[in-house]
Number of protein chains: 2
Amino acid sequence: MGTTQLDTVPEPKYWHLKTVLSEALDSDFAVGEILPNERELAARFGVARATLRQALEQLELEGRLQRRRGVGTTVAPPRVGVDVGTSQHGWPGAAGDTWQPVDCTSAVPPAAVARMLGGDSGNSGDEVHTVRRIRVTHGQPVAAELLYVPAASVPDLAAIESPSGAARARSVLRELQRLAMEGQDRAVELGSARADDAKELDRLPGAPVLVVTTRYFAEGGTAAVSVATYRADTCRLTFGDSGDLEISHHTQERRAS
Amino acid sequence: MGTTQLDTVPEPKYWHLKTVLSEALDSDFAVGEILPNERELAARFGVARATLRQALEQLELEGRLQRRRGVGTTVAPPRVGVDVGTSQHGWPGAAGDTWQPVDCTSAVPPAAVARMLGGDSGNSGDEVHTVRRIRVTHGQPVAAELLYVPAASVPDLAAIESPSGAARARSVLRELQRLAMEGQDRAVELGSARADDAKELDRLPGAPVLVVTTRYFAEGGTAAVSVATYRADTCRLTFGDSGDLEISHHTQERRAS
DNA sequence: TAGTGGTCTAGACCACCCG
DNA sequence: GGGTGGTCTAGACCACTAA
């Protein structure tokens, strides 16, 4: 059968749609511009709304679109590069870091975190200081963090201080600086936003996020563990291992009204 | 009307389903075990199949499940940590790296890559050596890479050598080693697999991937750019900044037959 | 209140894998 | 050929936003 190898791959409709839309975004739309609504787009392309949505979801995942219930679908600006790593070759909360403390409570950490903190000893089930921080860039929240600090890492923390709140968060961070940092350890993976993180990030629960887990080492053990969730749609995590970090972007930015 | 504050947040069905399934996975299933098929699960929970699928998609995104057409849905093993960074504080292809060259062609790079390579000069549109490599861990493909190397970075590359193929890929990598590495620069973002990457990774096009872009600096400029796409469902990217990389996992691994 | 995206349904057919 | 997940449809209602 001399199949001329044309119909070998019946490309799904939503995939083709995504390609068409992507090209249209490049040529016909400016950043911030509002697209026609989903019902009209579906009709225009002759597909069911669910199919059209499948294509939009992909484009949103790739950071090309931004959708907001009750408002509409807009063309997203290029992802912002947020530095992860170099700026924090000190403790969290050191001078110059871009996080802002929100709250601090005492709680039993999740099992995975307890495992990293506990090491080989069997002291799981213990409560640790749990600092909540958020990171804001260009006025937009980009990440929410939970920082787990065992009481042993901040022995001089005055019991007099407020039992919770941003003030206590700052106290814990201040005490952390007294330790001699011995190293860090970082991991990045894909996750979906928990309800509380989603709220801080101004997204719906389940939104795709990049989870950055950092272990801080001091005094031969793990002094703290940070779990930071970054908005995957708007963020590009950068690890500046080299000296020059100035990236001359020259991104073509056509802005809508 | 004494609403006892129970219906304040009408949690979406798929979200609740996801939670229930997640707990069931923890308690009732072993890694590798096959779940009931989608039609039966949907019936069992009293929802439409599309709703059930929405929950499964989330769990797959989080690396809890693995779905394969024609086969079924299985419980995924914990994500594997793949090192990104330390092992490559040399050039790609240096002794001990875990990539295997597949092919090498000459092609005009995408605009974004050309911008990183070209710097301020206006020599875009030029063809560069494009090396294809894949990374395999535990017998499974975890990443596919395109490495862009301008001809200027490998001036002594013999024109006699084969014009493409794995042999030429190795030649380009070998020539790269001759340069003095001045630094690197790394970024991670979420993307969806292109058709060619999806094929190498044994996934469907559009599957979520973590895109790692690395710039290699030498002789005052960018000597090469690597764009590596990692399977987001199975990979956790690790950046070992500290000395000790041995993570004692102690993960509870109950294996199915 | 009107319009948007988000959720949900009950079907149908298709592509793929395996016995 | 029988069973699986993947795609697609044509509706419906809900939650949210903004005028």
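Residues numbered from 1 in each chain as written. Chains lettered and ligands numbered in written order. Predicted model: local features only at pLDDT ≥ 70, side-chain atom pairs only at ≥ 80, totals over all residues. Heavy atoms only, no water.

A. Representation of the sheet that holds strand β5 (residues 128-137) of chain A in the model. The mixed open sheet is built from eight strands, whose spatial order is β4(A)-β5(A)-β6(A)-β9(A)-β8(A)-β7(A)-β10(B)-β3(B). The strands lining the two open edges of the sheet, one partner per strand, are β4 (99-107) of chain A together with β3 (80-83) of chain B. On average, adjacent strands in this sheet sit at an angle of 20° to one another, irrespective of strand direction. Across nine bridges, the pairing between β5 of chain A and strand β6 (residues 140-149) of chain A is antiparallel. (Pairing = 2+ DSSP bridges. Helix = DSSP H or I, 4+ residues; strand = E, 2+ residues; numbered from the N terminus. Axes fitted to C-alpha atoms, helices over the stretch in contact; angles between N-to-C directions.)

B. Examining the sheet that holds strand β8 (residues 208-218) of chain B more closely. Spatially, the eight strands line up as an open sheet ordered β3(A)-β10(A)-β7(B)-β8(B)-β9(B)-β6(B)-β5(B)-β4(B), and their pairing is mixed. Either end of the sheet is taken by a strand with one partner, and the two such strands are β3 (80-83) of chain A together with β4 (99-107) of chain B. Neighbour-to-neighbour, the strand axes of the sheet open up by a mean angle of 20°, direction not taken into account. Across the sheet, helix α4 (residues 111-118) of chain B is in contact with β5 (128-137), β6 (140-149), β8 and β9 (221-231) of chain B; its angle to β9 of chain B comes to roughly 145°. (Contact = heavy atoms within 4.5 Å.)

C. Broad picture of the protein's contact with DNA strand C. Around DNA strand C lies a shell of 27 residues, among which Asn 37 and Arg 49 of chain A together with Lys 13, Ala 48 and Thr 51 of chain B are the nearest. The share of sugar and phosphate among atoms of DNA strand C within 4 Å of the protein is 65%. Arg 49 of chain A places a polar side-chain atom, nitrogen or oxygen, 2.8 Å from a base nitrogen of DNA strand C. Take Gly 70 of chain A: an N or O atom from its main chain is 3.1 Å from a base oxygen of DNA strand C. Taken together, the elements giving at least two residues each to the surface near DNA strand C come down to α2 (38-45), α3 (49-61), β1 (65-68) and β2 (72-75) of chain A together with α1 (13-28) and α3 (49-61) of chain B. It is α3 of chain B that contributes the most residues to the surface near DNA strand C, four residues altogether. Here the surface near DNA strand C is composed, by residue class, of nine nonpolar, seven polar and 11 charged. (Near = heavy atom within 4 Å. Polar contact = N/O pair within 3.5 Å; in protein donor to acceptor, adjacent residues only side chain to side chain. Nonpolar A, V, L, I, M, F, W, Y, C, P; charged D, E, K, R; others polar.)

D. Representation of the packing of helix α1 (residues 13-28) of chain A against α3 of chain A. Residue and element names in this part refer to chain A. At a closest axis distance of 8 Å, the pairing of α1 and α3 adopts a crossing angle of 55°. In terms of orientation, α1 lies oblique with respect to α3. Helix-helix and strand crossings are classified by hand; for α1 and α3 the assignment is right-handed. Every residue of α3 that contacts α1 at Lys 13, Tyr 14, Trp 15, Leu 17, Lys 18, Leu 21, Ser 22 and Leu 25 is listed here: Thr 51, Leu 52, Gln 54, Ala 55, Leu 56, Gln 58 and Leu 59. Partitioning the contact of α1 with α3 into residue classes produces nine nonpolar, four polar and two charged. (Parallel < 35°, antiparallel > 145°, perpendicular 65-115°, else oblique. Left-handed = near helix turned anticlockwise from the far one by under 90°.)

E. Representation of the pairing of β9 of chain B. Residues and elements named next belong to chain B. Within β9, nine of the 11 residues are buried, which leaves the element mostly enclosed by the surrounding structure. Across six bridges, the pairing between β6 and β9 is antiparallel. Paired with Glu 145 across the two strands is Ala 228, which belongs to β9. In terms of strand pairing, β8 meets β9 through 10 bridges, oriented antiparallel. Each bridged residue has a counterpart across the sheet, and for Tyr 216 the counterpart in β9 is Ala 224. Hairpin connection from β8 to β9: two residues lie between these consecutive antiparallel strands, with Glu 219 at a positive phi of about 50°. (Buried < 20%, exposed > 50% of the residue type's maximum accessible area, 1.4 Å probe, protein only.)

F. A look at the UniProt feature "domain: HTH gntR-type" (unreviewed entry) in chain A. UniProt feature "domain: HTH gntR-type" (unreviewed entry): in the numbering of this structure it lies at residues 11-78 of chain A. Secondary structure content for residues 11-78 of chain A is 54% helix and 12% strand, while the C-alpha to C-alpha distance between its ends is 28 Å. (UniProt positions renumbered as here; feature names shortened; annotations may be inferred.)

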